[in-house]
Amino acid sequence: MIIINDLRNRMPAITLNRTSKIISSSGLHGLFLSLLESPSRAVNPPVSASRITLLHVVLATGLASSVAVSAETVAYTPPLGGMSVTIHGGTATAPVTTAVALPISDIPSADGAKRARVTAVSTDTITATTPGWTASALATPAYPYDARLVSGSGLGARLTITGNTTDTLTISGRDPSALGVATGANGDIFELVPVDTLDSLFGNDTFLGGTTATAADTISLAQSDQNSYFYDTNTSQWTDTVSATSDTGATRLPPEGTVTVERKHSAFTLRFVGAPAQTDVNVLIANSGPTFTHTGFPRSITLGQLSLQSKLAGWASNSAVDQADLVGIAAGASWVFYFHNGTNWQRTPGDTTSRDDAIIPAGTPIQIFRRGSAGGSTALVLNHPSN
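What you are looking at is a predicted structure, and each value in this text was computed from that prediction instead of being measured.

S.K.: Now, about the overall build of the protein: what can you tell me, with residues and values included?
M.R.: Counting its secondary structure elements, the protein contains four helices and 28 strands. Within the protein, the fraction of its 387 residues that count as buried is 53%. Counting contacts in the protein only where the partners sit at least 6 residues apart, residues at least 24 apart contribute 73% of the total. Total accessible area on the protein stands at roughly 15300 Å², and carbon and sulfur atoms take up 51% of it.

Now the structure itself:
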């Protein structure tokens, strides 16, 4: 993903001002062409930032999706989307908090195939034929990558790349064998997806830095666990709020999780450009307790359309809220929770009015809370808007 506030120097034809909420379609078209010619892993606005609230999403149209060129590799041009978020202001004594999801990613720029066909798998590796990767380049801590399956029974699943040779990825997080990944001449296809880090997306001047977490904006990252960070101006590095000593700039922003910002400075707007997923999204949900995630795509959707009660195996619907699984929609520093009573969605606390039409705005995180005690996780498949 790219923050585009700082691209005005190399693309002067596009007007980006601090108060603008919409970039014209002609401006986006020019921007997309420039990014396709010269993609950048990270650019940062020369301003301080903070609390994030989604304003709008603009999706590009008319761009190619994918074209197979051989049995082993696939050439494609990822369609691009734009997302604008308002960073609302706060103060050190009255910080303002908002959670945001970023369901778009940067364009892969590593050498070699960006999409490839699987020729062999193990529990922790995926091999392709002559993809031409540079050894270890896809697992560099500063610029990491995931592999996302774009066909087959594991469609939409993301696998963390922990190492690579010229033709094999070492992965973690999901087992390709258990996902039923097909191999050979008709094997499944996967794509490389860049993963943002604190350094690569936010750099040293997007958010208010400080000598302590109390003085600086704090950024919390969550999927199953939640950890908080701030930019330490003493050491000129990102660090966690607990030890406040180690350099955490290479910390991955959870692609299927949430980013929460506690803002202690003035407001402004951030604009992002990136590629949304072009297939279903397959995310793991803990069988017990909370999982912080999002709806998969940069679009608004209702609870009825999300349909967790039918899409997530084992979902507990019950007229008694203390026996039902919950879904929360982020609202500032808090969450508004709902449960499915067996017939429709209902707010808790609240009356029995159907909330099937409750909207989850684009870019807003959700928290899924499962009542069960079983360990492990269950796959939730979020259907692409075209389905």
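Having seen the structure, we can now continue with the description.
S.K.: Break down the pairing of strand β21 (residues 289–293) for me, with residues and values.
M.R.: The element β21 is extensively covered by neighbouring structure, given that four of its five residues are classed as buried. Relative to strand β27 (residues 366–370), β21 is paired through five bridges, and the arrangement is antiparallel. Across the sheet, residue Pro 290 finds its bridge partner in β27, namely Phe 369.

S.K.: An account of the sheet that holds strand β24 (residues 334–340) is requested, with residue identities and associated values reported.
M.R.: Across the sheet, which stays open at both edges, the five strands sit in the order β21-β27-β23-β24-β25 with antiparallel pairing between neighbours. At either margin of the open sheet sits one strand with a lone partner, and together these are β21 and β25 (345–348). Adjacent strand axes in the sheet meet at a mean angle of 30°, parallel and antiparallel pairs treated alike. When strand β23 (residues 326–331) meets β27, the two strands line up antiparallel, connected through four bridges. Paired with Leu 326 across the bridge in β27 is Phe 369.

S.K.: I'd like to hear about the pairing of strand β17 (residues 237–240), residue by residue, with values.
M.R.: Here β17 shows a buried face lined by Gln 237 and Thr 239 and a second buried face lined by Trp 238 and Asp 240. As paired elements, strand β16 (residues 226–232) and β17 share four bridges and run antiparallel to each other. Pairing of Phe 230 across the sheet is with Thr 239, part of β17.

S.K.: Describe the environment of Pro 95, listing the residues and the values that go with them.
M.R.: Tracing the sequence through the fold places Pro 95 in the loop between β5 (81–88) and β6 (96–100). On the basis of relative accessibility, which here comes to 33%, the residue Pro 95 falls in the partly exposed class.

S.K.: Kindly report on the sheet that holds β6, identifying the contributing residues and their values.
M.R.: One open sheet accounts for five strands, arranged β6-β18-β15-β16-β17; its pairing is antiparallel. Taken across any chain shown, the strands that pair with only one partner, and hence form the sheet edges, are β6 and β17. Ignoring strand direction, the axes of neighbouring strands in this sheet form an average angle of 25°. The pairing of strand β15 (residues 218–222) with β16 spans four bridges and is classified as antiparallel. Bridging across to β16, Ala 222 finds its partner in Gln 226.

What counts, and at which threshold
Residues numbered from 1 in each chain as written. Predicted model: local features only at pLDDT ≥ 70, side-chain atom pairs only at ≥ 80, totals over all residues. Heavy atoms only, no water. Helix = DSSP H or I, 4+ residues; strand = E, 2+ residues; numbered from the N terminus. Buried < 20%, exposed > 50% of the residue type's maximum accessible area, 1.4 Å probe, protein only. Contact = heavy atoms within 4.5 Å. Areas by Shrake-Rupley, 256 points an atom, 1.4 Å probe, with all protein chains shown as cover. Pairing = 2+ DSSP bridges. Axes fitted to C-alpha atoms, helices over the stretch in contact; angles between N-to-C directions.

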